[in-house]
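# A look at the structure
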Amino acid sequence: MNLFAWSCIFTLITNSFIAIFTFTKGKNKRLSNVWGMVCVACAIWALGAYKFSTTNSKEIALYWTKIAHIGVTLTCTFFIHYALILTKTKRRTFQIILVYILTILSLYLIFFKKDFILLEYSFNQFYFFVLNLKINPLYLIYYIIFYNLILFYTFFLIFNLYRGSTNGSQSNQLKYFLIGSVIGWLGPEGMFLYIIFGLPVYPYSNILIGLYPFIFAYAMFRYRLMDVSIAITRAGVFIAVYTLVLGIPFAATIWLKSWLVDMLGSQWWIVPFGLLTLLATVGPFLYIYIQRRAEDRLLKEQRRYQQTLKQASLGMTRVRNLNKLLNLIAHIMTKTVKISYFSAYLYDRQADEYVLQVCRDKGRVPIQKISSDNTLVSWIMVKREPLVYEEIKRQAQDTNEVTFKILEEKMHLLDASVIIPSFLEDKFMGFFVLGDKISGEIFTIDDLNVFQVLASQAALAIENAQFYAETKEMQEQIGQAEKMATIGTMADGLSHQINNRFYALSLIAGDSINTLVNTDTSKCTPEVKEMLKDINHALERIQANVVQGGEVVRGILKYSRRGDENFELLELNTILDTTLEMVQYKVKLSEIDIIRDFTSETPKIKGNLTQLQE
């Protein structure tokens, strides 16, 4: 079997696998189905090409060449159909109909036009189709329409969409599409160097037809957020390694066959087979090694900040101050990952809403509170995974579901490129809102995984900080209560001391008043008499305040003493009077209107006076 046939097997396997994967896993059924048909058409080409390249019968080769041309024609047709839907081109229905009309005409020529396809034995290996302008000039027109005009127009549509794209995710996908499409286009164009132009170039490029849908589907479904350079690197490494693995044994077969026959006779095949077995064994390990080295160089900056985030996540639990912790997370995210915006929302149990705790971007006015029944919050709690704005936007456009449109609107209001939820087991602590990267790059799958690890560690650190703050507040309350309890315990002694002072003041004031009363002031001047009168009034005020002070002390003493556990009959006025005596030192009763809207015949209340005062 020749190298071209092996490349056909590779193309058949990859396109069949990707077609099945696309039909079953594609979220946008319309686009996915059309792309799946592109892969099916490529698989038809590969099957036909394999069959005509492994037969010695010209008649059989002609039949399978026609099958292969069916696959080629349908590949171009479905390819432009996919591009017209993707780019939402105006009058795309008319253009799709026109392409399908040309396809039907081409299929008619392939099967029923005599000498439309000419074969000749090529490369000393198999029958291959060729162009002869005297015999089949229509084939040149077919080649120009399908392999040039239609494909170039498709590239033009995609490039225009890429140039006008303003978001990273769509731009990245269009990069994949363009690069993968160019690689796929180079596959048949490499073969047409021999077919159309007669250049003696072996159709090695056929392997690219098996590679280009693989690149596109791989990027679309698995690494839809991965930078395009990674996919190109992996594809390049894959091509290089497996060209080496498959090429060396076949090169040995082609160029050394005569020498091997002379040396080993009929057992000459053992050498290329053994070489193929050895390289096939070493190939995967070599591919993984080269891929890792290449990605380490490409993702050096990304791996650096991811490692920084991992280290930071381990040390966060040691920070006990909640504000300091959240500001630390904001600083790490904005400075290390270099994003344009960051904000953190935590759940407030009392208000039953998510409250903004920290925000890093002076140019924006963030939303302060988000209710717990918000669609965005409900979605995060169910899915428990990061939300990417561009993916939500694409889902809203592709599916027209109301939920995705609401999510897109909510994320737009938050200026969110990515939202990272923070869970502590099943407890939803809150979420982090991330803006775009300043560099314009997109968030990769690895980025989101690291952010989730950081969010999980942050949830534990936030729980610890909140617990520490609550404990500290509780300790302060307990300390204050202990102080009040101590004052209550000391109330008897303090009241005795205070009452002694009041009693002394009362005696002094009373003696002074008696002295003034018994003093003969008839010979005093009017000024002295007026002064003595004022002194007497002041002493009387002192006596009155001493009495009021004693009442205050007795009220405090009553409040601080443990009340009698036995209930007694109390009048409502008595309860109110004794309570107002206490609160008058805490609030200004003169600024409050107290209305007692009940009669004097109101029944007495059976209760404990001290506890009712409290």
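Preceding block: the structure.
Residues numbered from 1 in each chain as written. Predicted model: local features only at pLDDT ≥ 70, side-chain atom pairs only at ≥ 80, totals over all residues. Heavy atoms only, no water.

## Some points on the overall build of the protein chain
Broken down by element type, the protein chain carries 18 helices and 10 strands. Taking all 614 residues of the protein chain together, the buried fraction comes to 42%. Of all intrachain contacts in the protein chain linking residues separated by at least 6 positions in sequence, the fraction that spans at least 24 positions is 68%. Per element, the accessible surface of the protein chain, about 35,000 Å² overall, is 60% carbon and sulfur. (Helix = DSSP H or I, 4+ residues; strand = E, 2+ residues; numbered from the N terminus. Buried < 20%, exposed > 50% of the residue type's maximum accessible area, 1.4 Å probe, protein only. Contact = heavy atoms within 4.5 Å. Areas by Shrake-Rupley, 256 points an atom, 1.4 Å probe, with all protein chains shown as cover.)

## Some thoughts on the nonpolar core
One broad trend across soluble globular proteins is that nonpolar side chains are buried collectively. Grouped together as the largest cluster of nonpolar side chains are 68 residues, with contacts concentrated most on Phe-4, Trp-35, Trp-45, Phe-52, Phe-128, Phe-129 and Tyr-139. In terms of residues, this core owes the most to one element, helix H3 (residues 58–87), which gives 15 residues. Formed by 28 residues, the second largest nonpolar core is a distinct cluster that contains Ile-329, Leu-346, Phe-443 and Phe-451. (Core = buried A, V, L, I, M, F, W, Y, C linked by side-chain atoms within 4.5 Å.)

## Notes on the side chain of Glu-353
With respect to the helices and strands, Glu-353 occurs in strand E4 (residues 353–360). Not counting the four nearest positions on each side in its chain, Glu-353 is found in contact with Leu-346, Tyr-347, Asp-348, Lys-369, Ile-370, Ser-371 and Ser-372.

## Focus: the sheet that holds strand E6 (residues 387–388)
Read across the sheet, 6 strands follow the order E5-E4-E3-E8-E7-E6 without closing on themselves; strand pairing throughout is antiparallel. Two strands bound the open sheet, and with one partner strand each, they are strand E5 (369–371) and E6. Relative to the sheet, helix H12 (residues 375–383) contacts E4, E5, E6, strand E7 (418–424) and strand E8 (427–434), its axis offset from that of E7 by approximately 55°. (Pairing = 2+ DSSP bridges. Axes fitted to C-alpha atoms, helices over the stretch in contact; angles between N-to-C directions.)

## Quick look at the packing of aromatic side chains
Under the counting rule described, the total for this entry stands at 37 aromatic pairs. For the pair Tyr-142 and Tyr-147, a centre-to-centre distance of 6.2 Å together with 80° between the ring planes defines the contact as edge-to-face. Taken individually, Tyr-142 and Tyr-147 each receive the classification buried, so the pair is uniform in this respect. The cationic tip of Lys-383 hangs over the ring face of Trp-379; the distance from NZ or CZ to the ring centre is 5.0 Å. (Phe/Tyr/Trp six-rings, centres within 6.5 Å; stacked < 30°, edge-to-face > 60°. Lys NZ or Arg CZ within 6 Å of the ring centre and 35° of its normal.)

## Regarding the pairing of strand E2 (residues 126–130)
With respect to burial, E2 is a largely interior element, 5 of its 5 residues being buried. Bridge count between strand E1 (residues 118–122) and E2: 5 bridges; the pairing is antiparallel. Considered in E2, the bridge of Leu-118 is made with Val-130. In sequence, E1 turns back onto E2 through a hairpin of 3 residues, with Phe-123 there showing a positive phi of about 60°.

## Remarks on the packing of H12 against helix H14 (residues 402–413)
Relative orientation of the contacting elements H12 and H14 amounts to 110°, with a least axis distance of 9 Å. Overall, the two elements H12 and H14 adopt an arrangement that is roughly perpendicular. Relative to H14, H12 is oriented so that their crossing is left-handed. Of H14, the residues touching H12 (which contributes Thr-375, Leu-376 and Trp-379) are Thr-403, Phe-404, Ile-406, Leu-407, Lys-410 and Met-411. Partitioning the contact of H12 with H14 into residue classes produces 6 nonpolar, 2 polar and 1 charged. (Parallel < 35°, antiparallel > 145°, perpendicular 65-115°, else oblique. Left-handed = near helix turned anticlockwise from the far one by under 90°. Nonpolar A, V, L, I, M, F, W, Y, C, P; charged D, E, K, R; others polar.)

## A look at the environment of Leu-505
Residue position: Leu-505 is located in helix H15 (residues 445–518). It is 9.6 Å that separates the C-alpha atoms of Leu-505 and Leu-539, two residues lying 34 residues apart in sequence.

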